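Here are the chains, one letter per residue:
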Amino acid sequence: MADKRPRVLVPTGYGLNCEEETAYGYRLAGADADIVHINDVISSPKMLEDYHILALIGGFADGDHIASGKVHANRLKYRLGGAIEEFIENGKLVIGVCNGFQTMVKYGLLPAIDNRYRTETVTLTYNDSGKFEDRWVHLLANSDSKCVWTRNVGAISLPVRHGEGKLRAGSGDVMETIVEEKLDALHYINPHTQEIAKESDYPYNPNGSAMSIAGLCDPTGRVFGMMPHWEAYLSPYNHPLWQRLRAAGKLPEQGLGLKIGMNGVEYAREKLL
Amino acid sequence: MPSRIIVGFRDGESDPLGSSLEKTIRNFLGINAESVRTRRVYTIYADLGREEIESLEKDLFVDPVTECSVRDIDGRFDWLIEVEYKPGVTNPVGKTAAEAVSRMVNKEIDIEGGVSTSLQYLISGIGRGEAQAIAARLLSNQVIENARVLGREEIGADGIPILQQDMGMEHRPEVKAVDLAVSDEKLMEISRNGVLALSLAEMKVIQKYSQYGSVIKERESIGMDSQFLGKLTDVELEVVAQTQSEHCKHKIFNGIVNYAEQNGVVEVIDGLFGTCIKAPARELMGRYKWIISAFDDNAGIVDVGGGIVVADKIETHNAPSALDPYGGAITGILGVNRDILGAGIGARPMFNVFGYCFGDPFHSKALMGGVLHPARIRNGVHRGVIDGGNQSGIALMDGFEVFDERFGFRPLVYCGTIGTMPKTVNARQSDLKKAMPGDLAVMVGGRIGKDGIHGATFSSAELNKDSPVQAVQIGDSITQKKMLDFLIEARDRGLYSSITDNGAGGLSSSIGEMAKDTNGCIIDLKKAPLKYRGLMPWEIIVSESQERMTVAVDPSKIGEFTELAGLRGVEATALGRFTDSGRFHAMYGDMTVAYLDMDFMHKGFPRMELVARWKEVAREEPRFLQPDDLGSVLECMLARLNICSKEYKMRQYDHEVKGLSIVKPFVGKQADVSSDATVALLGYARKDGLVVSHGINPHYSDIDTYWMAASVIDEAIRRAIATGCKLPDEDNIMYALDNFCWNLSSLDSDDGHFKMAQLVRANKALAEYCRAFKVPCISGKDSMKNVWRGEETIDGKTVEKTISIPPTLLFSVRARIEDVSKAVTMDVKNDGDAVYVLGETYDELGASEYFAYVGEKAAEKMVGNNVPKVDAVKAIKTYSALSAAIEKGLVSSAHTPTLGGLGVAMAQSAFAGGYGIEADLRKVPYLGERRDDYILFSQSNSRFIVTVPSTKCSEFEGMMDGTAYARIGTVTRSTRLKVTGLGGTVVIDSDIQALKESWKGTLEGM
């Protein structure tokens, strides 16, 4: 079984733009990845049955007009007729990165407390800095979380590149449930203390996210969204300090972002093939 | 009945846009507002019921977590300012909203104008005058936007009235006959009134053509309306003007120049472009098989191996950016992206670069009429290129800013793109393309509106306070991205045979250019999809509405082509076909509106003849004593606008999308100091990368454009070498792009002759140093008329004022680095490393930042005469030796001293690395007046600061043998920059953190 390759669907179009590196990342991680225009998925949603992982990628779907991810979320929600929920029910994996994460929360795929996959209960809104920023951040995966994607990831550096990444939960006990159920799979940390950054701890928390949450999963742990880009750290030389890491003998063989893609692929290989 | 949906933040939710605006209002206008909140407004021009509106609010417009729907009158505020686009201005958000609304309510909504969007600003604690000032000077640009300022009590319960959205134009297309059998004066009047930018000589050529018996006869024989016989139609005149524009034709660069040196020696130059730029490139093309195409296509094309070719181009978008900084800049970057898509059979844009020359963002004097504040221009330009690049998923590799007050009137906005494509596509060489007779001429992408009419002819004229507002366009990144993805897909399926961009001159240029392949075309302008009614045929053919490409499609493939376009949400319309008739033939329905001889259009005009007279200007050499505290001088130098950190803006550009970025725009221990050059992988699973750098220094033009050009060529090459590539040869790739921005206004005056001579000298240097370094230019662009003309009121009297930019050459270098893991950055890495200076330092402080700094302190302009020179023979020795040392892994860091010389460069390397440096100026190879400040701040070319681990010093020195270099100090664990002067005493002893803060502080938050 070990040589079987899970299949990843990478929908693109309408201003999404991370399809190449995402597909390359999954191929490195041992999967087959297909880049398919979202309109082709909409015209035959049955194609989802052929895949084990749905990767919602970064970019600017519909230019982030109105609100980031909103129009694209509606497109998926109303024109795929529930095919994504079915995909999840079938035990498969969904991951959203950056714009993909924004799309997932606007759709309601995350955090999907009580498996309510069509209700928006948290949002990703304008960064406190009021602007788009590209910077590397320090992250720590929540080792207690059920999240499949962040298993054994521990501390990791990745770039964020967004203007709307501040996570805000709605009224009621949404935030408490997230914490209780350990859906907060990934946090921004302060590199000096190695602890979760304070909300106001800019730029360690680059956007002002509640509880410095950088990534969120659903109660199954198979559905996950994150603002940082794991697929932008596939080569060890992507890291901004690679020369220093090398001098210190700490340069990894592969980019550490790959760990996240590999987790999904490993899970799919074990459970879905 | 149109409906308004107003979206605000819930109480208690933060409003980052409002908060940052509050700061801007304070910093920029000195107005202290109590609070500033923002709201978004969507006006939907359709009959919608209450339920439909509620569902749109709930499911589309309002975020359930942070937002709510409100009425105009809701909330606490004193002033409501609502800013919306004027009708007809491209509104990408409105377009997306219209599509989304239409789908949700299942009703037809016009995507162009069916939904308009506006922003509301709610401000408290200020007076009406202040609110109006904020609206006019900060929030809106009257060229493209309307701003309404309303006091709270002026708003009724029904809210504020909805503005009439209809363009109000009846569609009565009209074609006028233009009689050219008139006096010379009248001819020029026609040219001026029509913004045609045609000279009398050119008008007379057109006049003559219209009178030819054979022309009249042929027009009659094809059934052209009798009123157009012996005359031209307005469509034809426009088409000819576009084709002949300086923007499209580069008449000055191709003209014959009569150049006289200072000593009277006269030379006739047969076209600067041909002799100084193209000739050296052609010579090198014979040797370098890796150059595939230079100066032939929309971009230069280079074979980087591994089955991939790179297409490269840099454009300028200066005039539009002066009028509407955001719109001008975003169309600049999206436009050059299309040049790449239009290179060969279509390359995919991968990396962007930018370069801006602005006025002083801290400018505090009064502004001249029609001129925007430099800070506003700067903010708008950055925002435009940020949006255009980020939204297109193209990583920024390099960017710079230059400041000089002369750019306050006419900013320079350089936008460049590097793309890649497979070397062969469908078993054909990808750089080749050709339309065939019978192929359909298909327009793809956005629709045509009045935006951008006369862009090409307008940019070929001087800017003045009455410049046409129609020249402004706004870019729509998403329409373009969809088109781009679609066309690459169509390319790979072999669905078209040729492609070009609709940029300057619109269809007249794109179809006109492609029609050269077959020698003719026939198109029907009535088929062109329009944004709104009311466009005249001449407007349709020259409109520069954005996001459009023209392709040639074999009729057998048109079905598949348009079907795929439909599936990708892209509009594609066949307007006609390419022919071999020898005629450019345009119809409007069944009426011929243009019928022009192709040879006449492209070859029928005489070359320009230009006079150039060089005169050296001797300036007083600045005389001043060396300041006592060089440490504080260094801090001031680091804080200077042209030297300081630009991180705040730079971080807003996505520099990592596609995951190929290796040496980023930021390097150092904290990844926050600008790199000399950047490196990106040339593809996934490849080891080799592309090094990207630039050189620019308009200030040297104040002394001599020859050395200005030589210096920027050296700078760009040097930055690339410092990062780890090699000088070019048969195997090693290094190429360049040249962008000239000049200041020619009247060519027939002493001033015009002098400025032409400056152009000649820069070109001579370009030819000389491209040959010496053996670096070919493969693409270039010129923008000749960067002059602002306006009026200034002095003591109640209005006087005419002309401001010219300093002549500016941007020289951009790209090189292939074989193994990106060997790249070197500018930050010091280890304490104990030896610090070397490579190359010689002279007392070359002419037009330096140091003289400018001393001059500003003394309230006088200090320029001097001793501009840095370039000795290519010595430079090549140094560069080759350093490349070899880097390849052997001997070098920990390498940095190119540019503005502010060794002093600034040492400080930057030290604070980037987080270590101190101890250095001794007595050891620096130096020739000139013996002063510490001169050695520290001289801007001599061809130098590096390099650090080398102590264990590798002897090997390194062995490799540098035969070049001028010296070990001048050591990297230290203490965090101080300690410099010993010529007198043997310590002249600088500064904390590197303090130096870094000075460098970072100037533009922090700006």
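Quick notes on the overall build of chain B
Thinking step 1. The number of helices and strands found in chain B is 30 helices and 46 strands.
Thinking step 2. By the compact-globule yardstick of 30 Å for 1006 residues, chain B fits well, its C-alpha radius of gyration being 29 Å.
Thinking step 3. Judged by the C-alpha coordinates and their principal axes, chain B covers about 85 × 70 × 65 Å.
Thinking step 4. With 1006 residues in all, chain B has 65% of them scored as buried.
Thinking step 5. Looking at chain B alone, contacts between residues at least 24 apart form 81% of all its contacts between residues at least 6 apart.
Thinking step 6. When the accessible surface of chain B is summed, it comes to about 35100 Å², and 48% of that surface belongs to carbon and sulfur atoms.
Thinking step 7. Seen as two clouds, the 114 positive and the 138 negative side-chain charges of chain B have centres 2 Å apart.

Remarks on the domain arrangement of chain B
Thinking step 1. Entries for chain B in the domain assignment read domain 1 (3-154) and domain 2 (177-254).
Thinking step 2. Between domain 1 of chain B and domain 2 of chain B, the C-alpha centre-to-centre distance is 47 Å.

Remarks on the interface of chain A and chain B
Interface size is commonly expressed as the accessible surface area that is lost when the partners come together.
Thinking step 1. Listed per partner, the contact involves 55 residues of chain A and 61 residues of chain B.
Thinking step 2. Here chain A and chain B share five salt bridges between them.
Thinking step 3. R161 of chain A serves as the salt-bridge partner of D654 of chain B, at 2.8 Å between the closest nitrogen and oxygen.
Thinking step 4. On the surface where chain A and chain B come into contact, there are 28 residue pairs in polar contact (both at pLDDT 80 or more).
Thinking step 5. Of all the secondary-structure elements, those providing two or more residues to the side of chain A that touches chain B are α1 (19-28), α2 (38-43), α3 (70-79), β5 (122-125), β6 (133-141), β7 (155-162), β8 (166-169) and α7 (242-247) of chain A.
Thinking step 6. At five residues, the largest contribution of residues to the side of chain A that touches chain B is made by α3 of chain A.
Thinking step 7. Taken together, the residues that form the side of chain A that touches chain B break down as 19 nonpolar, 17 polar and 19 charged.

Structural notes on a negative patch on the surface
Residues and elements named next belong to chain A.
Thinking step 1. Side chains of D114, D173, E176, E180 and E181 sit close together on the surface and give a patch of like negative charge.
Thinking step 2. Counting through the fold element by element, E180 comes out in helix α6 (residues 174-180).
Thinking step 3. According to the relative accessible area criterion, E180 is exposed, its value standing at 60%.

Let's talk about the packing of aromatic side chains
Thinking step 1. As enumerated under the stated definition, the model contains 36 aromatic pairs over all chains in all.
Thinking step 2. Relative to F851 of chain B, the ring of F624 of chain B lies with its centre 6.0 Å away and its plane at 80°, an arrangement referred to as edge-to-face. Highlighted residues: F624 of chain B in the loop between β27 (609-613) and α21 (630-639) and F851 of chain B in helix α25 (residues 849-857), separated in sequence by 227 residues. F851 of chain B carries the same exposure label as F624 of chain B, and that label is buried.
Thinking step 3. Ring centres 5.5 Å apart and planes at 80° place the aromatic pair Y879 of chain B and F944 of chain B in the edge-to-face group. Here Y879 of chain B is found in helix α26 (residues 872-887), whereas its partner F944 of chain B is found in strand β43 (residues 944-948), with 65 residues between them in sequence. With respect to burial, Y879 of chain B and F944 of chain B carry one shared label: buried.
Thinking step 4. Pairwise contacts between aromatic rings join F624, Y850, F851, Y853, Y934 and F937 of chain B into one cluster.
Thinking step 5. Note that R75 of chain A overlies the ring of Y14 of chain A, its terminal NZ or CZ placed 3.6 Å from the centroid.
Thinking step 6. A cation sits over an aromatic face here: K77 of chain A above Y107 of chain A, 6.0 Å from the ring centre.

Examining the side chain of H699 of chain B
Residue and element names in this part refer to chain B.
Thinking step 1. With respect to the secondary-structure elements, H699 resides in the loop between β32 (689-695) and α23 (705-723).
Thinking step 2. Reaching out from H699, the side chain makes a polar contact with the side chain of D404 at a distance of 3.0 Å.
Thinking step 3. In this structure H699 touches V402, F403, D404, R406, N642 and A847, once residues within four positions along its chain are discounted.

Some thoughts on the pairing of strand β24 (residues 572-578) of chain B
Consecutive residues of a regular strand have side chains that alternate between opposite faces of the sheet.
Residue and element names in this part refer to chain B.
Thinking step 1. Bridging between strand β19 (residues 440-445) and β24 involves five bridges; their strand directions are antiparallel. Counterpart to M443 in the pairing with β24 is T573.
Thinking step 2. Summarising the sheet, strand β22 (residues 521-524) and β24 pair through three bridges and their orientation is antiparallel. Note on β24: the bridge partner recorded for I523 is G576.

Overview of the side chain of D476 of chain B
Residues and elements named next belong to chain B.
Thinking step 1. By the element assignment, D476 lies in the loop between β20 (463-464) and α16 (477-492).
Thinking step 2. When its relative accessible area of 2% is taken as the criterion, D476 is described as buried.
Thinking step 3. Contact partners of D476, with chain neighbours within four places excluded, come to T90, P92, K95, L334 and E547.

Overview of the sheet that holds β27 of chain B
All names here are of chain B.
Thinking step 1. Taken together, the three strands give an open sheet; going across it, the order is β10-β9-β27, and neighbouring strands pair in mixed fashion. One side of each edge strand has no neighbouring strand; the edge strands of this open sheet are β10 (266-270) and β27. Neighbour to neighbour, the strand axes of the sheet diverge by 20° on average, direction disregarded.
Thinking step 2. Where strand β9 (residues 256-260) lies against β10, five bridges are found, and the strand directions are antiparallel. Its bridge partner lying in β10, Y259 is registered against E267.

Here's the deal with the sheet that holds strand β16 (residues 412-422) of chain B
Residues and elements named next belong to chain B.
Thinking step 1. Across the sheet, which stays open at both edges, the six strands sit in the order β11-β12-β13-β16-β14-β15 with mixed pairing between neighbours. Among the strands making up the open sheet, the edge pair consists of β11 (291-293) and β15 (395-403). Each adjacent strand pair in this sheet contributes to an overall mean axis angle of 20°, direction not counted.
Thinking step 2. As judged from the eight bridges shared by strand β14 (residues 348-358) and β15, these two strands associate in the parallel manner. If you follow Y356 over to β15, its bridge partner there is E401.
Thinking step 3. Across the face of the sheet, helix α14 (residues 374-392) comes into contact with β14, β15 and β16 while running at roughly 175° to β14.

Remarks on the environment of T43 of chain B
Residue and element names in this part refer to chain B.
Thinking step 1. As for its placement among the helices and strands, T43 is situated in strand β2 (residues 35-44).
Thinking step 2. When its relative accessible area of 3% is taken as the criterion, T43 is described as buried.
Thinking step 3. Linking T43 and V787, residues 744 residues apart in sequence, is a C-alpha distance of 40 Å.
Thinking step 4. Dropping the residues within four chain positions of it, T43 is found in contact with P2, S3, R4, G114, V115, S116 and I162.

A look at the packing of helix α27 (residues 901-913) of chain B against helix α30 (residues 992-1001) of chain B
All names here are of chain B.
Thinking step 1. Relative to each other, α27 and α30 sit at 110°, their axes nearing to 9 Å. Taken together, the axis directions place α27 and α30 in an arrangement best described as roughly perpendicular. Here α27 contributes A907, Q908, A910 and F911 to the contact with α30, which in turn contributes I992, L995, K996 and W999.
Thinking step 2. Along the lines of polarity and charge, the residues of the contact of α27 with α30 split into six nonpolar, one polar and one charged.

Digging into the packing of α16 of chain B against helix α19 (residues 558-567) of chain B
All names here are of chain B.
Thinking step 1. One can describe the packing of α16 onto α19 by two numbers: an axis separation of 10 Å at closest approach and a directional angle of 145°. The element α16 and its partner α19 pack so that their crossing is right-handed. In this structure, α16 contributes F486, L487, E489 and A490 to the contact, and α19 contributes F561, L564 and A565.
Thinking step 2. Across the contact of α16 with α19, the residue classes tally to six nonpolar, no polar and one charged.

Conventions used here
Throughout this document, residue positions are counted from 1 along each chain, in the order its sequence is written. Starting at A for chains and at 1 for ligands, labels are handed out in the order in which the entities are written. Side-chain atom pairs in this predicted model are given and counted only at pLDDT of 80 or more, local residue features only at pLDDT of at least 70, and totals for whole chains, interfaces and linings cover all residues. Remark: hydrogens and water are excluded; side-chain values derive from all non-hydrogen atoms of the structure. Helix and strand assignments follow DSSP, with helices taken as H or I runs no shorter than four residues and strands as E runs no shorter than two, numbered in order from the N terminus. For the radius of gyration, the atoms used are the C-alpha atoms, and the globule rule reads 2.2 Å times the number of residues raised to 0.38. Only protein chains enter the accessibility calculation, which uses a 1.4 Å probe; a residue whose area is less than 20% of its type maximum is buried, one above 50% is exposed, and one in between is partly exposed. Residues count as neighbours in contact if any of their non-hydrogen atoms are within 4.5 Å of one another. Residue-level accessible areas treat just the shown protein chains as cover; the underlying method is Shrake-Rupley with a 1.4 Å probe. Here Asp and Glu are counted as negative and Lys and Arg as positive; His is not counted, and neither are the chain ends. A charged residue contributes its charge at one atom only: NZ of Lys, CZ of Arg, CG of Asp or CD of Glu. Domain ranges listed in this record stem from an automatic or a database domain assignment. Any carboxyl oxygen of Asp or Glu that lies within 4 Å of a side-chain nitrogen of Lys or Arg is treated as forming a salt bridge with it. In the analysis that follows, any N or O atom pair within 3.5 Å is treated as a polar contact, provided that within protein one partner can donate a hydrogen and the other can accept it, and provided that, for residues neighboring in sequence, both atoms belong to side chains. Three classes are used, and their members are as follows: Ala, Val, Leu, Ile, Met, Phe, Trp, Tyr, Cys and Pro are nonpolar, Asp, Glu, Lys and Arg are charged, and the others, Gly among them, are polar. Each patch is built from salt-bridge-free residues with over 30% relative accessible area, joining like charges within 9 Å and nonpolar side chains (Val, Leu, Ile, Met, Phe, Trp, Tyr) within 5 Å. Pairing of aromatic side chains requires ring centres within 6.5 Å, counting the rings of Phe and Tyr and the six-membered ring of Trp. Pairs whose planes differ by under 30 degrees are stacked, by over 60 edge-to-face, and all others tilted. In our convention, an over-ring charge means Lys NZ or Arg CZ found within 6 Å of a ring centre and within 35 degrees of that ring's normal. The pairing criterion for strands is at least two bridges between them, as found by DSSP. Axis geometry follows a simple rule: fit a line to the C-alpha atoms, using only the stretch in contact for helices, then measure angles between N-to-C directions, giving values from 0 to 180 degrees. We call two directions roughly parallel when the angle between them is under 35 degrees, roughly antiparallel when it is over 145, roughly perpendicular when it lies between 65 and 115, and oblique otherwise. Helix crossings are classified by the rotation of the near helix relative to the far one: an anticlockwise turn of less than a right angle makes the crossing left-handed, while a clockwise turn makes it right-handed.

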